[in-house]
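Structural overview for review
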Amino acid sequence: METKQSAEAKWSHGKTIPVRNVQALASDAAELTEEAIKRYIRPASTIDDVVAHSDHSIPIIDLARLLDSQTYRLEAARLKSACEEWGFFQVQNHGIPDTVLENMRNNMEHFFKLPLDEKNRFAQLPGDLQGYGHAFVESENQTLDWCDRLYLVTQPPHDREMRPWPTTPATFRESIESYSCELMRVTGSLMGIIAGNLGVDLDRDTYTSQALRMSYYPACLVAPDKVLGISPHSDICVLTLVWELNLVEGLQIKRQNAWVPVKPHPKALVVNVGDFLEILTNGKYQSIEHRVTINPHKERMSISAFHLPKLDMSVGPLSGILAGGELKKYKTLRVDEVAKVVFSSKLDGKKTKEYAMLGSE
Ligand SMILES: O=C(O)CCC(=O)C(=O)O
Ligand SMILES: [Fe+2]
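Residues numbered from 1 in each chain as written. Chains lettered and ligands numbered in written order. Predicted model: local features only at pLDDT ≥ 70, side-chain atom pairs only at ≥ 80, totals over all residues. Heavy atoms only, no water.

Turning our attention to the site of ligand 1. In the neighbourhood of ligand 1, 13 residues make up the surrounding shell, with R213, Y217, R300, S302 and S304 lying closest. Between ligand 1 and the protein, one listed contact pairs an oxygen atom with a side-chain N or O atom of H233 at 3.1 Å. One of the side-chain nitrogen or oxygen atoms of H290 is found 3.0 Å away from an oxygen atom of ligand 1. Taking 290 Å² as the accessible area of ligand 1 by itself, protein coverage stands at 99%. Looking at the shell around ligand 1, the elements with two or more residues in it are strand 5 (209-217), strand 6 (228-233), strand 11 (290-293) and strand 12 (300-308). Here the residues of the shell around ligand 1 are counted per class, giving six nonpolar, four polar and three charged. (Near = heavy atom within 4 Å. Polar contact = N/O pair within 3.5 Å; in protein donor to acceptor, adjacent residues only side chain to side chain. Areas by Shrake-Rupley, 256 points an atom, 1.4 Å probe, with all protein chains shown as cover. Helix = DSSP H or I, 4+ residues; strand = E, 2+ residues; numbered from the N terminus. Nonpolar A, V, L, I, M, F, W, Y, C, P; charged D, E, K, R; others polar.)

Next up, the structure:
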């Protein structure tokens, strides 16, 4: 069994400069002028808000059909095309019990409504990303994300550091545990079928680390179009599962130079290809840039579950993918090394790809 210290050291990948709590700022109506929130206002030159027509919507994949021998073939082909053509899809009939989702939603809503002092009992400590706070702040001058987060390493259990796991509300830890296990199950099923579609053996260790990022995006009446909840980025992981738990729109994905809104689905999770799956597949499946916009009147809440390879693994294009003589496009890199670089800097497009592409130095 690993010692707590080594688990902490492994997972303290990256650092961030502490910044002001956004929920507290947003709730202080007197302060809400553009001047007061200028650190969050995007420079006009970076605003490229071409939004695609709403008839472009991401595919919906049915997990029950994937797991039924009668319907498997057709649904697996739909999953293959979703991974190749979109990099994003929604998964319905995922089999997560309603009670698990309701408990998680109630506890998360309760937690984010607590007074700041209470939430700060579980704040990030200097040099660590776990806990309540922020991430990806590398300079005092960068535009900040309009969002607060609770970030926790959840799997494998021996990598957990319990200090930042909230004990208020009293059942929060329990609900995180159940939610985390359910998402591991869904991820395992999806990755099994993804491996089958690719015709490769995929070691379970390539997706058995999990971290949850619970995000709270306050409403912003004063300049909703000038702030972003999360800047454009791709996810540094194999597969992300996002639950848009209060069904407020905001997530958008970049497709053919326009932003496509992802409409929250009351019964589905959003799934996206991460940077490590792009590397493993030698670019057959691409991780897609996405961002979150802010609503003038409604707060938004989501939980992103990132599934990564074991941190001490090295990841590169799979030999099964290269077997046909395809040229290797990505380097083979240690997961924790990539994480350290990407997590210590501002989110900005496809950082991992820049770092991992062969010939990119
Ligand atoms: O809030 C969301 O819908 C997605 C957030 C996200 O992209 C992330 O946590 O990486
Ligand atoms: Fe993301």
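And the narrative resumes.
This part is about the coordination of the iron ion (ligand 2). Any two of four tetrahedral donors ideally make an angle of 109.5 degrees at the metal, while pairs among six octahedral donors ideally make 90 or 180 degrees. Every protein donor of the iron ion (ligand 2) is listed here as H233 (NE2), D235 (OD) and H290 (NE2), and their distances to the metal cover 2.1 to 2.2 Å. When the donor residues of the iron ion (ligand 2) are listed from N- to C-terminus, their spacing reads H-x1-D-x54-H. One exposure class covers both H233 and D235, and it is buried. (Donors = N, O, S within 2.8 Å, 3.2 Å for Na, K, Ca; no water. Buried < 20%, exposed > 50% of the residue type's maximum accessible area, 1.4 Å probe, protein only.)

This brings us to the environment of T71. The topology assignment puts T71 in the loop between helix 3 (63-66) and helix 4 (72-85). Look at T71 and you get buried, because its relative accessible area is 18%. For the pair T71 and S209, spaced 138 residues apart in sequence, the C-alpha to C-alpha distance is 30 Å.

A few words now on the confidence of the model for the chain. On average, the chain scores 89 in pLDDT, and the residues at 70 or more come to 90%. Throughout residues 1-9 the model reports pLDDT below 50, and contacts reaching past four residues in sequence, or to other chains, amount to eight contacts. In the predicted complex, the global pTM is 0.93; the interface-specific ipTM is 0.99. (pLDDT = per-residue confidence, 0-100. Contact = heavy atoms within 4.5 Å.)

It is worth spelling out the packing of aromatic side chains at this point. Applying the stated rule across the entire model yields eight aromatic pairs. Their ring planes at 85° and their centres at 5.4 Å tell us that F111 and F112 sit as a pair that is edge-to-face. Look at F111 and you get buried, because its relative accessible area is 0%. Taking the relative accessible area as the measure of exposure, F112 reaches 0% and is therefore buried. Grouping aromatic residues by their ring pairs yields a cluster made of F111, F112, F122, Y132, F172 and Y216. (Phe/Tyr/Trp six-rings, centres within 6.5 Å; stacked < 30°, edge-to-face > 60°.)

A word on the nonpolar core. Core analysis: the largest hydrophobic core is formed by 76 residues, its most contacted members being F89, Y179, M214, L239, F276 and I303. Looking at this core element by element, the count peaks at eleven residues for helix 7 (residues 172-198). Core analysis: the next-biggest nonpolar cluster, separate from the first, contains 30 residues, A26, C147, V227 and I230 among them. (Core = buried A, V, L, I, M, F, W, Y, C linked by side-chain atoms within 4.5 Å.)

The subject of this paragraph is the side chain of D275. Along the chain, D275 turns up in helix 8 (residues 275-280). Assessed through its relative accessible area of 3%, D275 is described here as buried. In this structure the side chain of D275 is engaged in a polar contact, spanning 2.7 Å, whose partner is the side chain of S234. When neighbours within four sequence positions are excluded, D275 is seen to be in contact with S234, D235, I236, C237, S287 and T352.

In spatial order, the strands read 6-11-8-9; together these four strands make up an open sheet with antiparallel pairing. The open sheet has two edge strands, strand 6 and strand 9 (258-261), and neither has a second partner. Ignoring strand direction, the axes of neighbouring strands in this sheet form an average angle of 30°. Taken together, the four bridges between strand 8 (residues 251-255) and strand 9 define a ladder with antiparallel strand orientation. (Pairing = 2+ DSSP bridges. Axes fitted to C-alpha atoms, helices over the stretch in contact; angles between N-to-C directions.)

Every α-helix winds through 3.6 residues per turn, so residues three or four apart in the chain are directed the same way. With 14 residues, helix 4 extends 20 Å from end C-alpha to end C-alpha; this agrees with the ideal 20 Å at 1.5 Å per step. Of the positions making up helix 4, those classed as buried are E75, A76, L79, A82 and C83. Taken down its axis, helix 4 places every buried residue within 115° of arc, on the same side. In helix 4, those exposed residues whose orientation departs by more than 90 degrees from the buried face are R73 and L74. Packing partners of the buried residues in helix 4 comprise strand 1 (60-62), helix 3, strand 2 (88-92) and helix 7. Backbone geometry just downstream of helix 4 places G87 in the positive-phi region, at approximately 75°. (Expected span 1.5 Å × (residues − 1). Arc of directions from axis to C-beta.)

To continue, consider helix 7. Its 27 residues place the ends of helix 7 38 Å apart at the C-alpha level, agreeing with the 39 Å of an ideal helix rising 1.5 Å per residue. Across the 27 residues of helix 7, 19 count as buried, placing the element largely inside the fold. At the C-terminal side of helix 7, G199 shows a positive phi close to 70°.

Mapping Q23 onto the fold places it in helix 2 (residues 22-27). In this structure the side chain of Q23 is engaged in a polar contact, spanning 3.0 Å, whose partner is the side chain of K119. If we ignore the near neighbours within four places in the chain, the residues touching Q23 are F112, K119, Y132, D148, Y216 and P218.

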